[in-house]
Structure formats: C-alpha cells, structure tokens
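Secondary and tertiary structure notes
Here's the letter readout for the chains.
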Amino acid sequence: MKISLISPQFPHKGGFPLAPPSLEYLGALTLRHRPDTEITVLDANREEVSPNNIHADLAGISIMTPTATWSYDFADKLRKRGITVVVGGIHASALPEEALRHADAVVVGEAESVWGTVLADAERKRLHGIYIGERLPLAGLPTPRRLLRQRYPFRAVFTARGCINKCSFCSVRRFFGDTVRFRPIDDVVHDVEDYAGRIYYNGDDNIWGSNIERSIDLFRTLAQGPKRWWFGQGDLATVQRPRGAEMLKHAFDSGLRSVWAGYESDNESTLDSYRAASKQGIDRFRALRIIADAGIEIVLFMILGGKTDSLADFEKTLAFSDKMGLTIHPVLLTPYPGTETYWEYTDSLIRELPWGAYDGVHAVFKHPDPAMTVQVREEGLLKLNADLFTFPRVLRRIGSIDRKGFPVAHLVSFMKQIAMRRGFRKAYESYRTSRMTEQAALSEKDHEEATQGTRFLP
C-alpha cells in the first residue's frame, strides 16, 4: 500500500522551523503495523503540495482548527481523484461528523489503538467512518522515523500525555485526558538519542507540571547521556514548590535552555474567566525570576481581546515585556471547538468566518464592548506585534538572558523571535490585503447603489 501523510498548510505559511510533530511518529506507527508500506510524508508549509501530485492509495491528514479549511478542500480534491482519505487530529476529534463529510474515515483521539484496524479496513475498502481511539499506556511506542524530505533545525519528542489543569481555552485535557500518562524514561532517552538531534523540542503540554519527582528523574537521566539541548512548555506553579529549584537545576543540566509558559493575562478578571490559576502558582513574578536565574530563557503566552479585556490590555502587554525583558507571544482569544470557551462564546461567534480565521490573529466573536470592534482588536494585536518584535527589542531581550545559558539559549531565542517576527509580518500582509479587498468591494457596492439612485433623479 502507498500512503501519503500530509501536514496541512497554516493560514500564514512559513512559521517556526519544527518538523511536524505527529507525522513522522505516525509514519513509524504505520511501519510497525505494515512494514511493506511505501510512505511519503509532506509538509505543505515547507514545500508546494498539490492534490494532483499525490500518488497514493491512502492519504492521512492531521487537522488543527486553523488548518481545517485548507485540509477539507485538499481532502475533497483527493477523493475526487479516487484516493482514500483518513483525517485525525484535535479539530477532527472535536467535530468528527463535520470532518467525515470530507473524508472516508476519521480517527478520534489517539491513534495507537485503532491505526492498524484503519489500515486493514482501508486495504479491504471497508472503512466504516469514525474510529474512536482508546487512551492506552505509553510503554513501547515506536520511535519516530525521519521521513520528511525537507531539512528542519528541530524535531519533537514527547514524554507524557494528558493535563491536570482545567484552562477553559485549551483542548489538551479533553483530547488526551485529565490524568497524565508517562512514557518510561528509558523509552524517552532512546528517542532523544536516536531521533531528536542536537537541539530538540519536548512536545509535552507541560514539561514538569504533573509529577515533580518524575521530572527530576527524567532530567537527571537525560543529563547522563550525550550532550543535547532542548526547549518546551511548562507551567509557573511547579517551580515555586519545595523542589522547584532542584528540578530546574537538573533540567538545565539535561540541556533545557528555553521554556514557553502560559502567563495568559495581566487582567485578573480575564485570568479568572480562563480558570488558569492552578498553573500560575501563588507568585508568578517569583516563578519568572527562579526560571531566569537557572539560565533558562522564558517566552510568555498571553491572550488578549477576551470579553473582559480592553484596548489598554494591549498597551500594558508591551510595557510588561519591556519591564521584564521577556519575549511575549500574544494572540487574540480564539474559542476552539472542543473547549469550554467555545461553548461560552458560541452565541457571540461570527458564524460566516471560515476555520482558517481561527489562527490567533483574527477576532472571531463579537465583543460586548462596542469600542472593541473586530477591526480594533485585530489592528491592536498587529500593532503590538510590530512593536514587540523590532530588532532593538529583540536584541535587548536576548541580551537579558542569563549568561549560564550562553550560547544555546541566546541562539534559540533569536531563532524563535525571528520566526515570530516573520510570522506576524505575514499575518499583517494577509490582513492588509483582505482589508483592501473588503474596502474595494464596499466601494464598488456604494458606487453601484449611487449610480442606480441617480436613475430616479429628475
């Protein structure tokens, strides 16, 4: 059987240079079940991918919400050519009936328990629509294969699945479960040494927040192997616990040089509405100092434009970045399907928008404050990003990183900030083009109405 696994195109092509985390793993899982399979893995963000150039019996597409528009169109064209299409991923799992309108089968949840069955059914032409994945123990999973044709500076490994936090805007808990399953440490070490490369990404939703003792054991073991560097996402609460400083020391020794952390908002009302306090801890500022003192660079996720936010929150974010010397990755609140926020905002959603607009830079719901129009929020974010990622600010933030992390933390910070700068510039160009198109259409409509009106003048 010939299989093509496709990473769909994001709305703003050319983001962070990370190999798509799921596809090379899915390729390894496929070869475990069917060693004779001929696999092609394609990333539409790094190369031109056309439905007419896919030569396969089956195409697999992993869908996130902002890529759903592109994925559905691509899948429809493949099926017209007679190619069987199977889709999965967080968006397809949240809306399987919708996804099934564009595919021969949908994998809901984790693929390990059903992928072998899907492949067998596809070969017999007996796919039966929706396959529900079971959450299995994580021992003995296959090591990802380097199947992508493009070169990537970074690849991803994972050590756990699930999340104990209950943030209303996040779908990880619903997708992977509200208890955390851990991979055996020896399996993780094998993936790092056999697959990850010199600098890699830990794809866990929280690299240390579920079990601090296990995290210390993992980091201590990784530190004993060949020297590698890595980055990932972590909470701010864990580092404030009694063994937090000890854990950070072992994390640094294992090669951790940069961490993304969910700061979410400086607006207390907004933070409460996100139910994110459990991962913030008692003193968020202390947590930032502890991480920075360990020689680890910090990037903060912040969400703007929620129902209790104002335009002043955009301005405060820039001031906060300058004051703390930290990189901030701001996005507009986006109610993704499968989250509590989606249901809380469902009556306010702008229904005519395609899923491609759910990219963190478009406002997708009506704000209760008349001053916070769609245009005001979108332009507020674009202006904030233009100000955040000027070269002088980028260089100042790199210069503020503790010298313990030199040079890797500084290099990774530069690469991430330049990638964010590039991505936001593309988003701005796309936004400006769409606004000009809308204005041109409105002008044409106004001209037609005015012209038609003159016909009735005496």
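Here, the structure is the one placed above.
Every value quoted in this text rests on a predicted model; they were computed, and no experiment measured them. (Residues numbered from 1 in each chain as written. Predicted model: local features only at pLDDT ≥ 70, side-chain atom pairs only at ≥ 80, totals over all residues. Heavy atoms only, no water.)

**Remarks on the sheet that holds strand β2 (residues 38-43)**
Here is the rule: Pairing between two strands requires that DSSP report at least two bridges joining them. What counts as a helix is a DSSP run of H or I of at least four residues, what counts as a strand is a run of E of at least two, and both are numbered from the N terminus. As a rule, the C-alpha atoms of each element are fitted with a line to give its axis, helices using only the stretch in contact, and angles between N-to-C directions run from 0 to 180 degrees.
Spatial strand order, β2-β1-β3-β4-β5-β6: 6 strands in an open sheet with parallel pairing. The open sheet has two free edges, formed respectively by β2 and β6 (129-132), since each of these has just one partner strand. If you compare each strand with its neighbour and ignore which way they point, the axes differ by 20 degrees on average. With 2 bridges connecting them, strand β4 (residues 84-88) and strand β5 (residues 105-108) associate as parallel partners.

**So, the packing of helix α12 (residues 311-324) against helix α14 (residues 374-388)**
Operational definition: Every angle not falling under 35 degrees, over 145, or within 65 to 115 is termed oblique; those three ranges are roughly parallel, roughly antiparallel and roughly perpendicular. Note on contacts: a residue pair qualifies if any of its non-hydrogen atoms lie within 4.5 Å across the two residues. Polar here means any residue other than Ala, Val, Leu, Ile, Met, Phe, Trp, Tyr, Cys and Pro, which are nonpolar, and Asp, Glu, Lys and Arg, which are charged; Gly is therefore polar.
Relative to each other, α12 and α14 sit at 10 degrees, their axes nearing to 10 Å. One way to sum up the angle between α12 and α14 is to call them roughly parallel. Packed against α12, whose contacting residues are L311, F314, T317, L318 and S321, the element α14 presents V376, R377, G380, L381, L384, D387 and L388 at the interface. Residue classes in the contact of α12 with α14 are distributed as 7 nonpolar, 3 polar and 2 charged.

**Some words on the packing of aromatic side chains**
Where we set the bar: What counts as a ring pair is set by centres within 6.5 Å for rings of Phe, Tyr and Trp (its six-membered ring), and what kind of pair is set by the plane angle: stacked under 30 degrees, edge-to-face over 60, tilted for all other angles. Exposure is judged per residue with a 1.4 Å probe applied to protein chains only, and the accessible area is read against the type maximum: over 50% gives exposed, under 20% gives buried, and values in between give partly exposed.
Taken as a whole and assessed by the stated rule, the structure comprises 16 aromatic pairs. Here W70 and F74 contribute two aromatic rings whose centre-to-centre distance is 4.6 Å and whose plane-to-plane angle is 15 degrees, an arrangement assigned as stacked. On the criterion of helical spacing, the pair formed by W70 and F74 is a turn pair, its members being 4 residues apart in helix α2 (residues 68-80). Taking relative accessible area as the criterion, F74 reaches 3% and is therefore assigned buried. Ring geometry for Y200 and W230: centres 6.2 Å apart, planes at 10 degrees, overall stacked. Residue Y200 is located in strand β10 (residues 199-202), and its partner W230 is located in strand β11 (residues 229-233); the two are separated by 30 residues in the primary sequence. Grouping residues by exposure puts Y200 and W230 together as buried.

**Re the pairing of β5**
Put simply, the rule is: If you view a crossover with the strands going away from you and the path from the first strand over the helix to the second runs clockwise, you call it right-handed.
Because side chains alternate across β5, one face comprises the buried residues A105 and V107, and the other comprises V106 and V108, equally buried. The sheet contact formed by β5 and β6 spans 4 bridges and is parallel. Bridge assignment links V107 to a residue of β6, and that residue is Y131. For the segment spanning β5, helix α5 (residues 115-123) and β6, crossover handedness is left-handed.

**Observations regarding the pattern of salt bridges**
To keep it simple, the criterion reads: Any Lys or Arg side-chain nitrogen found within 4 Å of a carboxyl oxygen on Asp or Glu counts as a salt bridge.
If you walk through the whole model with that rule in mind, you get 21 salt bridges. Between R181 and E110 there is a salt bridge, with its nearest N and O atoms 2.4 Å apart. Of the two residues, R181 sits in strand β9 (residues 181-182) while E110 sits in the loop between β5 and α5, which places them 71 residues apart along the sequence. Note on accessibility: R181 and E110 belong to one class, buried. Between D191 and R183 there is a salt bridge, with the nearest N and O atoms lying 2.9 Å from each other. Through salt bridges with shared partners, a single ionic network connects E110, E112, R161 and R181.

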